[in-house]
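Each chain, written out:
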Amino acid sequence: MVNPFRSEADAYRFVWLTIGYFALIVAGSLVSKWLGLAIFVVLTLGLLRWMAIRRREKPVQTATRPRSAEDEKRILVIANETVGGAALREAIKSKSEGFRVEVLVVCPALNSPIRHWASDEDAARAAAQDRLDASLGRLREVGISARGEIGDAEPLQAMEDALRTFGPDELIISTHPEGRSHWLERGIVEQARERFAVPITHVVVDLEAEREEIR
């Protein structure tokens, strides 16, 4: 089954449009049952046409910028709660060997739907910034110089924004293990591979296992 929604923002818009759809039908029916029926037919045909168009649309392919030298490499890292994980640090370190690397770590400011619609993002951005600062400090401890920024709450949009401005040679997506990762449940990694023309590495960070090892 093809999912017509490319992002949570698309899904939220669809929910509000659905509410408006039924409200208009009810309002028309109160005036006349024929008016209500006419509104139902017109809106339903419009909705079906929109969904068909969305299914036919090809994903956006965002290309990388050419390297200025063969020994240079730009790595884009997308992570949220797993941003400070040891497995992610090791992956970045491994991919940096033999290159003069420029690393950008983007931490999406994940938020609840209610807070997102209320434009209440301060707490989410502050929490993401704390995780990001801690991660950059740990990368410096293993000799990797990196900069970071807070990305869009929607991870795919955060990736696209960074790909356009940073132009990486490689993208690393870090998630929790299967069963504990909302990104994996939503198919974020697969959608990113379909959408972006850049090599993508998926790194699984098991924070619970890392904490047990420390104990």
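Right above here is the structure, for reference.
Residues numbered from 1 in each chain as written. Predicted model: local features only at pLDDT ≥ 70, side-chain atom pairs only at ≥ 80, totals over all residues. Heavy atoms only, no water.

Student: Is there a simple way to think about the overall build of the protein in this case?
Tutor: Along the protein, the regular secondary structure elements total nine helices and five strands. Reading the helices (α) and strands (β) of the protein from amino to carboxyl end gives α-α-β-α-β-α-α-β-α-β-α-α-β-α. Each of the 215 residues in the protein was classed as buried or not, and the buried ones make up 38%. Look at the contacts in the protein between residues 6 or more apart in sequence, and 78% of them connect residues 24 or more apart. (Helix = DSSP H or I, 4+ residues; strand = E, 2+ residues; numbered from the N terminus. Buried < 20%, exposed > 50% of the residue type's maximum accessible area, 1.4 Å probe, protein only. Contact = heavy atoms within 4.5 Å.)

Student: Looking at this structure, how should I read the packing of helix α6 (residues 155-166) against helix α8 (residues 188-195)?
Tutor: The geometry of a pair of packed helices is captured by two quantities: the angle between their axes and the separation between those axes. At a closest axis distance of 10 Å, the pairing of α6 and α8 adopts a crossing angle of 35°. Where α6 crosses over α8, the handedness of that crossing is right-handed. Counted together, P155, L156, Q157, M159 and E160 of α6 and I188, Q191, A192 and R195 of α8 form the full contact between these two elements. Within the contact of α6 with α8, the residues separate by chemical class into five nonpolar, two polar and two charged. (Axes fitted to C-alpha atoms, helices over the stretch in contact; angles between N-to-C directions. Left-handed = near helix turned anticlockwise from the far one by under 90°. Nonpolar A, V, L, I, M, F, W, Y, C, P; charged D, E, K, R; others polar.)

Student: Would you explain the sheet that holds strand β3 (residues 146-151) in this entry?
Tutor: Strands in a sheet are paired, the pairing made by backbone hydrogen bonds, and the direction either parallel or antiparallel. Taken together, five strands build an open sheet; the order of strands is β3-β2-β1-β4-β5 and the sheet is parallel. Of all strands in the sheet, those with a lone pairing partner are β3 and β5 (200-204), marking the two edges. This sheet shows a mean twist of 20° between the axes of neighbouring strands, independent of strand direction. Pairing analysis gives five bridges linking strand β4 (residues 170-175) to β5, with the strands arranged parallel. (Pairing = 2+ DSSP bridges.)

Student: I would appreciate a short explanation of helix α3 (residues 86-96) in the present structure.
Tutor: For an α-helix, 3.6 residues make a turn, and residues three or four places apart therefore share a direction. Of the positions making up α3, those classed as buried are L88, A91, I92 and S96. Down the axis of α3, the sector holding all buried residues measures 130°, keeping them to one side. Of the residues trailing α3, G98 is marked for its positive phi of about 85°. (Arc of directions from axis to C-beta.)

Student: Help me understand the environment of D122 in this model?
Tutor: Mapped onto the elements of the fold, D122 is located in helix α5 (residues 122-141). Taking the relative accessible area as the measure of exposure, D122 reaches 63% and is therefore exposed. Along the chain, D122 and A109 lie 13 residues apart, while their C-alpha atoms are 9.1 Å from each other.

Student: Which parts of the structure should I look at to understand the pattern of salt bridges?
Tutor: Think of it this way: side chains of opposite charge can pair up when their charged atoms draw near. What the rule picks out here adds up to nine salt bridges. Taking the shortest distance from any N to any O, the salt bridge between E154 and R186 comes out at 3.0 Å. Of the two residues, E154 sits in the loop between β3 and α6 while R186 sits in the loop between α7 (182-185) and α8, which places them 32 residues apart along the sequence. Looking at E154, the relative accessible area reads 7%, which means it is buried. For R186, a relative accessible area of 30% puts it in the partly exposed group. The residue E160 makes a salt bridge to R195 at a minimum N-O spacing of 2.7 Å. Note that E160 is positioned in helix α6 and R195 in helix α8, a separation of 35 residues in sequence. With respect to class, E160 is no different from R195; both count as buried. (Salt bridge = Lys/Arg side-chain N within 4 Å of Asp/Glu carboxyl O.)

Student: Is there a simple way to explain α6 in this structure?
Tutor: End to end, α6 covers 16 Å across twelve residues, agreeing with the expected 16 Å (1.5 Å per residue, within 8%). Within α6 the residues assigned to the buried category are P155, L156, A158, M159, E160, A162, L163 and F166. Buried residues in α6 make contact with β1 (72-78), β2 (100-108), β3, β4, α7 and α8. Within two residues after α6, G167 carries a phi angle of roughly 60°, on the positive side. (Expected span 1.5 Å × (residues − 1).)

Student: Sorry, what's going on with the nonpolar core here?
Tutor: Generally speaking, a soluble globular protein has its nonpolar side chains buried in company with each other. Core analysis: the largest hydrophobic core is formed by 23 residues, its most contacted members being V77, L88, I92, V103, V105, L139 and I172. Secondary structure elements with two or more residues in this core: β1, α3, β2, α5 and β3. Broken down by element, the residue count for this core peaks at five residues, all from α5. Formed by 19 residues, the second largest nonpolar core is a distinct cluster that contains A162, F166, W183 and I200. (Core = buried A, V, L, I, M, F, W, Y, C linked by side-chain atoms within 4.5 Å.)

Read these as layout, nothing more, since geometry by itself doesn't imply function.
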